[in-house]
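Coordinate analysis (summary)
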Amino acid sequence: MANKFFYPDDYVDSILNINYERLYELGIRGLIFDIDNTIVPYNTFEIPDSILNLFENLIAKKFMICFLSNNKKKRVMHFCQLFNIHGFHTALKPTPFGFFKAVKYLNLPKSELAIIGDQIFTDVICGRLQNIYTVLVDPIVERTDFINKFKRNLERIILSKKK
């Protein structure tokens, strides 16, 4: 069914509420995280302690992690340095270009990867096109520009039809 590309494997309100133990049981060893509105609001450079602690715990549990963002180099590298995690900027999600770099870096089969992000039209579709596990989270803050409001309304329609 063509619509499967719009539906995540898992949908939670925050990266803090993802069942990472379940992902590990499913064989997931590599996590590809979006940054903006997934880990931190799109308009800030500050990181809550709860998010820092989460990443410390994930690394301690032997997950391999990288960031994959459509944002610019300066912003992505800022978070890479703070978390001490490798990342890829200007990824052009949902196209495969940035994704291929992340897979090469993590050096894991696609069956052991999950992508975690806040947008169906970038993160979920990127994962679906590459046949990897997808986790959609609610955006941390709502953007008010027309394009993002339009996309979020479409996402709400898509998610409501899955029920």
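Above this text sits the structure in question.
The rules behind each value
Residues numbered from 1 in each chain as written. Predicted model: local features only at pLDDT ≥ 70, side-chain atom pairs only at ≥ 80, totals over all residues. Heavy atoms only, no water. Helix = DSSP H or I, 4+ residues; strand = E, 2+ residues; numbered from the N terminus. Buried < 20%, exposed > 50% of the residue type's maximum accessible area, 1.4 Å probe, protein only. Contact = heavy atoms within 4.5 Å. Polar contact = N/O pair within 3.5 Å; in protein donor to acceptor, adjacent residues only side chain to side chain. Pairing = 2+ DSSP bridges. Axes fitted to C-alpha atoms, helices over the stretch in contact; angles between N-to-C directions. Core = buried A, V, L, I, M, F, W, Y, C linked by side-chain atoms within 4.5 Å.

**Some points on the environment of Thr38**
- Counting through the fold element by element, Thr38 comes out in the loop between β2 (30-33) and α2 (49-60).
- Residue Thr38 is classed as buried on the basis of its relative accessible area of 3%.
- In this structure, the C-alpha to C-alpha distance between Thr38 and Gln119, residues 81 residues apart in sequence, is 8.8 Å.
- Among residues more than four places away in sequence, those in contact with Thr38 are Ile15, Ile116, Gly117, Asp118, Val137 and Ile140.
- Within the local environment of Thr38, its side chain forms a polar contact with the side chain of Asp34, the two groups lying 2.9 Å apart.

**Here's the deal with the sheet that holds strand β3 (residues 64-68)**
- Overall, parallel pairing links the six strands, which are arranged β1-β6-β5-β2-β3-β4 in an open sheet. At either end of the open sheet lies a strand with only one pairing partner, and these are β1 (10-12) and β4 (87-88).
- Against the sheet, α2 makes contact with β2 and β3, and its axis sits at roughly 135° relative to β3, the strand it touches most.
- The strands touched by helix α4 (residues 96-106) are β2, β3, β4 and β5 (113-117); relative to β3, the strand with the most contacts, the crossing angle is about 160°.

**Some remarks on the nonpolar core**
- Counting residues in each nonpolar core, the largest one holds 29 residues, and the members touching the most others are Ile15, Tyr20, Leu31, Phe33, Phe55 and Phe67.
- Where this core is concerned, the elements lending two or more residues are α1 (20-25), β2, α2, β3, α3 (73-83), β5 and β6 (133-137).
- Ignoring anything within four residues of it in the chain, the contact list for Phe55 reads Ile15, Phe33, Ile39, Ile65, Phe67, Phe83 and Ile85.
- Counting residues in each nonpolar core, the second largest holds 14 residues, with Ile32, Cys66, Phe88 and Ala91 among its members.

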